[in-house]
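Analysis of the macromolecular model
Listed below are the residues making up each chain.
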Amino acid sequence: RHRSIMRLVLLGAPGSGKGTQADLLKAELGIPHISTGDLLRAAVRAGTPLGLKAKAVMEAGQLVSDEIVLGMLEERLAQADAAAGFILDGYPRNLAQCAALETLLARLGQPIDVAIKLEVPSELIVERIAGRAAEQGRKDDTPETVRERLRVYAEQTEPVAGHFAQLGKLRVVDGVGELAEVSQRILGALPAGAPSAA
Ligand code: B4P
């Protein structure tokens, strides 16, 4: 049922489980997981000029410039595996990125089929990220940076969900529960066959 070409956007606050769920869903859907956060962290680790620019911005909990992220995303979408569809995690993060994505995908003739928004109460988010901070030591998982990331999310990313709602493409999914339970909810919220694959 889910094996048709599917272009999916995962929305949700930092710590809502986007990255975690995208990793579980990619096997189920047979499409790659494209995370702008992972692409940026890889650039930081590799010490590329782009990574050097992004590092301080990420550690402050701010958004990296739209231009940098779009360039990175275009490169990734041009790779062969993305022709089968993709799960976009962490992009678009604001309305400008949303417009850029739509322009890019319209040019490729590959519109987004559905946007899934994972909903998790902020108390739980703070708990989850504290857990990850203890396990992985990510520099942007300090309590102060997490507060800033949540603020930026409410201000800049929430309107993106509103935009997909206006297009009739938004599905809101409860992100609280066991990982497998949340995955099942997401799969249940997907359109039965993406229109593009019909
Ligand atoms: P991201 O990498 O996107 O990080 P995130 O918002 O924290 O989400 P992530 O996917 O990592 O967390 P998840 O919810 O899976 O962004 C990091 C930074 O990169 C941004 O602040 C920004 O600076 C920059 N950036 C990224 N994209 C950008 C863009 N488009 N434009 C500009 N800047 C950009 O998981 C969180 C934790 O919860 C994990 O430890 C997980 O184990 C746990 N968890 C998940 N599901 C759970 C469940 N059901 N129950 C219990 N725990 C759960």
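The notes below deal with the structure included here. (Residues numbered from 1 in each chain as written. Predicted model: local features only at pLDDT ≥ 70, side-chain atom pairs only at ≥ 80, totals over all residues. Heavy atoms only, no water.)

Re the nonpolar core
In this structure, Val9, Leu77, Phe86, Leu88, Leu101 and Phe164 are the most contacted members of the largest nonpolar core, which totals 25 residues. Among the secondary structure elements, those contributing two or more residues to this core are strand S1 (6-12), helix H3 (49-59), helix H4 (66-77), strand S3 (85-89), helix H5 (95-108) and helix H7 (143-166). Per-element tally for this core: the top contributor is H4, with 5 residues. With sequence-adjacent residues up to four places away left out, Phe164 is seen in contact with Val9, Leu11, Pro92, Cys98, Glu102, Ile112, Ala115, Lys169 and Leu170. (Core = buried A, V, L, I, M, F, W, Y, C linked by side-chain atoms within 4.5 Å. Buried < 20%, exposed > 50% of the residue type's maximum accessible area, 1.4 Å probe, protein only. Helix = DSSP H or I, 4+ residues; strand = E, 2+ residues; numbered from the N terminus. Contact = heavy atoms within 4.5 Å.)

Thoughts on the site of the ligand
Near the ligand you find 28 residues, and of these Gly17, Thr36, Gln62, Arg132 and Arg149 are the closest. At a separation of 2.8 Å, a nitrogen atom of the ligand approaches a polar side-chain atom of Thr36. One nitrogen or oxygen atom from the side chain of Arg93 is found 3.0 Å from an oxygen atom belonging to the ligand. Coverage of the ligand by the protein amounts to 88% of the 990 Å² it exposes when considered alone. Elements with a contribution of two residues or more to the shell around the ligand: helix H1 (18-29), helix H2 (36-46) and helix H6 (122-136). In terms of residue count, the dominant contributor to the shell around the ligand is H2 (4 residues). Among the residues forming the shell around the ligand, the class breakdown is 8 nonpolar, 12 polar and 8 charged. (Near = heavy atom within 4 Å. Polar contact = N/O pair within 3.5 Å; in protein donor to acceptor, adjacent residues only side chain to side chain. Areas by Shrake-Rupley, 256 points an atom, 1.4 Å probe, with all protein chains shown as cover. Nonpolar A, V, L, I, M, F, W, Y, C, P; charged D, E, K, R; others polar.)

Some remarks on the pattern of salt bridges
Tallied over the entire structure, the rule returns 15 salt bridges. Across the pair Arg76 and Asp81 runs a salt bridge whose closest N-O atoms are separated by 2.8 Å. Note on Arg76: relative accessible area 14%, which makes it buried. A salt bridge links Glu155 to Arg151, with the nearest nitrogen and oxygen atoms 3.1 Å apart. In this pair, Glu155 and Arg151 are both assigned in helix H7, 4 residues apart and thus about one turn of the helix distant. What makes Glu155 partly exposed here is its relative accessible area of 48%. Owing to a relative accessible area of 41%, Arg151 belongs among the partly exposed residues under this scheme. Here the residues in one salt-bridge network are Arg132, Arg138, Asp140, Asp141 and Arg149, joined through shared partners. (Salt bridge = Lys/Arg side-chain N within 4 Å of Asp/Glu carboxyl O.)

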